[in-house]
Amino acid sequence: MKILHITPNSNGYEEVELIANRISHKNPLALILKDGEELMTGGYLINDTPEIRATLDSMPRDKQYDFVQMFKKNPFVKAYFDEQL
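This section reports on the structure supplied with the text. All values reported here derive from a predicted model rather than from experimental measurement.

### Topic: the overall build of the protein
Thought 1: When its secondary structure is counted, the protein shows 2 helices and 5 strands.
Thought 2: Secondary structure of the protein in N-to-C order comes out as β-β-β-β-β-α-α.
Thought 3: Every one of the 85 residues in the protein was classed for burial, and the buried ones make up 25%.
Thought 4: Sequence-distant contacts in the protein: of pairs separated by 6 or more residues, those separated by 24 or more amount to 38%.
Thought 5: Approximately 6,700 Å² of the protein is accessible, and the part contributed by carbon and sulfur atoms is 53%.

### A closer look at the pairing of strand β3 (residues 30–34)
Thought 1: Sheet topology places strand β2 (residues 14–20) next to β3; 3 bridges connect them, and they run antiparallel. Paired with alanine 20 across the two strands is leucine 31, which belongs to β3.
Thought 2: Pairing of β3 with strand β4 (residues 37–41) involves 5 bridges; the strand directions are antiparallel. Looking across to β4, one finds that lysine 34 is bridged to glutamate 37.
Thought 3: Where β3 folds back onto β4 in an antiparallel hairpin, the turn is made up of 2 residues, including aspartate 35, whose phi is positive at roughly 55°.

### Considering the nonpolar core
Thought 1: Grouped together as the largest cluster of nonpolar side chains are 7 residues: Leu4, Ile6, Tyr13, Ile46, Leu56, Tyr65 and Val68.
Thought 2: Those elements giving two or more residues to this core turn out to be β1 (2–6) and α2 (64–69).
Thought 3: Apart from the residues within four sequence positions on either side, tyrosine 65 is in contact with Ile6, Thr7, Pro8 and Tyr44.
Thought 4: By size, the runner-up hydrophobic cluster in this structure holds 5 residues, among which are Ile3, Val16, Leu18 and Ile32.

### Let's talk about the pattern of salt bridges
Thought 1: According to the stated counting rule, one finds 3 salt bridges in the structure shown.
Thought 2: Among the salt bridges present, the one from glutamate 15 reaches arginine 53, with a minimum N-O distance of 2.4 Å. Taken together, the residues span a long stretch of sequence, with glutamate 15 in strand β2 and arginine 53 in helix α1 (residues 50–57) at a distance of 38 residues.
Thought 3: The exposure class of arginine 53 is partly exposed, given its relative accessible area of 23%.
Thought 4: Across the salt bridge formed by arginine 53 and aspartate 48, the nearest N and O atoms sit 2.7 Å from each other.
Thought 5: A relative accessible area of 29% places aspartate 48 in the partly exposed class.
Thought 6: Where salt bridges share partners, they join Glu15, Asp48 and Arg53 into one cluster.

What counts, and where the lines are drawn
Residues numbered from 1 in each chain as written. Predicted model: local features only at pLDDT ≥ 70, side-chain atom pairs only at ≥ 80, totals over all residues. Heavy atoms only, no water. Helix = DSSP H or I, 4+ residues; strand = E, 2+ residues; numbered from the N terminus. Buried < 20%, exposed > 50% of the residue type's maximum accessible area, 1.4 Å probe, protein only. Contact = heavy atoms within 4.5 Å. Areas by Shrake-Rupley, 256 points an atom, 1.4 Å probe, with all protein chains shown as cover. Pairing = 2+ DSSP bridges. Core = buried A, V, L, I, M, F, W, Y, C linked by side-chain atoms within 4.5 Å. Salt bridge = Lys/Arg side-chain N within 4 Å of Asp/Glu carboxyl O.

Take a look at the structure:
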């Protein structure tokens, strides 16, 4: 599956092939195929749609990672400890 991949060290997005979202239950990194080489990555993986490409192409390449990072969702954490005990 072709996807867009972006990391802080890349200059904008790059088109790669997603092999696995998670390598194993102990290793949360994704496995991608880039230039014929299998790589593990912790970067952002984005669906390759015309709308997303148009949005990313409309901004400077060095600002694309910061833009994508704004949409990161932190997991919901519920505090189970009640200090009033």
